[in-house]
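Examining the three-dimensional arrangement
Below are the chains, spelled out letter by letter.
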Amino acid sequence: MDTHTRLHEIISALADGELAASELELAFAALDTPSGRQAWDAYRHIGEVLRSEQHGHVLSAQFDARLAGRLAAEAAPEGAAAHAEPLPPLSAAIVQPGVAEPLEAGPAVQR
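The structure presented is a predicted model; accordingly, all values stated were derived computationally and were not measured.

Quick word on the overall build of the chain
The number of helices and strands found in the chain is four helices and zero strands. Within the chain, buried positions represent 16% of all 111 residues. The long-range fraction of contacts in the chain, counting pairs at least 24 apart against all pairs at least 6 apart in sequence, stands at 58%. Surface accessibility of the chain: about 8500 Å² in total, with carbon and sulfur atoms responsible for 58%.

Focus on the packing of helix 1 (residues 3–15) against helix 3 (residues 34–51)
Helix-helix packing is described using two parameters, namely the angle between the two axes and the distance between the axes. At a closest axis distance of 9 Å, the pairing of helix 1 and helix 3 adopts a crossing angle of 40°. In terms of their interaxial angle, helix 1 and helix 3 are classed as oblique. Judged by the sense of rotation from one axis to the other, the crossing of helix 1 with helix 3 is right-handed. When helix 1 is examined against helix 3, the residues His4, His8, Ile11, Ser12, Leu14 and Ala15 are found in contact with a partner set consisting of Ser35, Gly36, Ala39, Trp40, Tyr43 and Arg44.

What about helix 2 (residues 24–31)?
Inspection of helix 2 places Ala27, Ala30 and Leu31 among the buried residues, and these make up the whole buried set. Down the axis of helix 2, the buried set is contained in an arc of 100°. They therefore lie on one face. With respect to the buried face of helix 2, the exposed residues turned more than 90 degrees away are Glu25 and Phe28. Among the structural elements, helix 1 and helix 3 are those in contact with the buried residues of helix 2.

What about the environment of His8?
Mapped onto the elements, His8 comes out in helix 1. Residue His8 is classed as buried on the basis of its relative accessible area of 19%. Among all residues touching His8, those that are not within four sequence positions of it are Ser35, Ala39 and Tyr43.

As for the confidence of the model for the chain
When the pLDDT values of the chain are averaged, the result is 75; 61% of them are 70 or greater. Mean pLDDT values over the elements of the chain span from 84, in helix 4 (residues 63–73), up to 91, in helix 2.

Here we look at the nonpolar core
Formed by Ile10, Ile11, Ala13, Leu14, Leu19, Ala27, Ala30, Leu31 and Ala39, the largest nonpolar core amounts to nine residues. Of all the secondary structure elements, the ones that give two or more residues to this core are helix 1 and helix 2. Top element by residues in this core is helix 1. It accounts for four residues. Residues in contact with Ala39, not counting those within four places in the same chain, are His8 and Ile11.

The rules behind these values
Residues numbered from 1 in each chain as written. Predicted model: local features only at pLDDT ≥ 70, side-chain atom pairs only at ≥ 80, totals over all residues. Heavy atoms only, no water. Helix = DSSP H or I, 4+ residues; strand = E, 2+ residues; numbered from the N terminus. Buried < 20%, exposed > 50% of the residue type's maximum accessible area, 1.4 Å probe, protein only. Contact = heavy atoms within 4.5 Å. Areas by Shrake-Rupley, 256 points an atom, 1.4 Å probe, with all protein chains shown as cover. Axes fitted to C-alpha atoms, helices over the stretch in contact; angles between N-to-C directions. Parallel < 35°, antiparallel > 145°, perpendicular 65-115°, else oblique. Left-handed = near helix turned anticlockwise from the far one by under 90°. Arc of directions from axis to C-beta. pLDDT = per-residue confidence, 0-100. Core = buried A, V, L, I, M, F, W, Y, C linked by side-chain atoms within 4.5 Å.

Below is the structure:
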């Protein structure tokens, strides 16, 4: 994997609140570049749209199942845990409009 791709993955994990504390310094260094700031803006905007009902996009009841199916069909990344814990449905992670969401490092926190 090239450095550019890895830095974008780190920025994405930071935006999702899933970045390991050991990678925070690298994430902040990446954010200090024009490319890193652009990636941060894109990932945060995507997250805001997915969480917002104001944009008029409501996820269908079948969205979770289709997304899970597509992800299961993809090859696991190198070094992925053999018995990874399944993620909760995306619909469980949707934040109500107007509710602030904390930026946290480390594993995702269940709400």
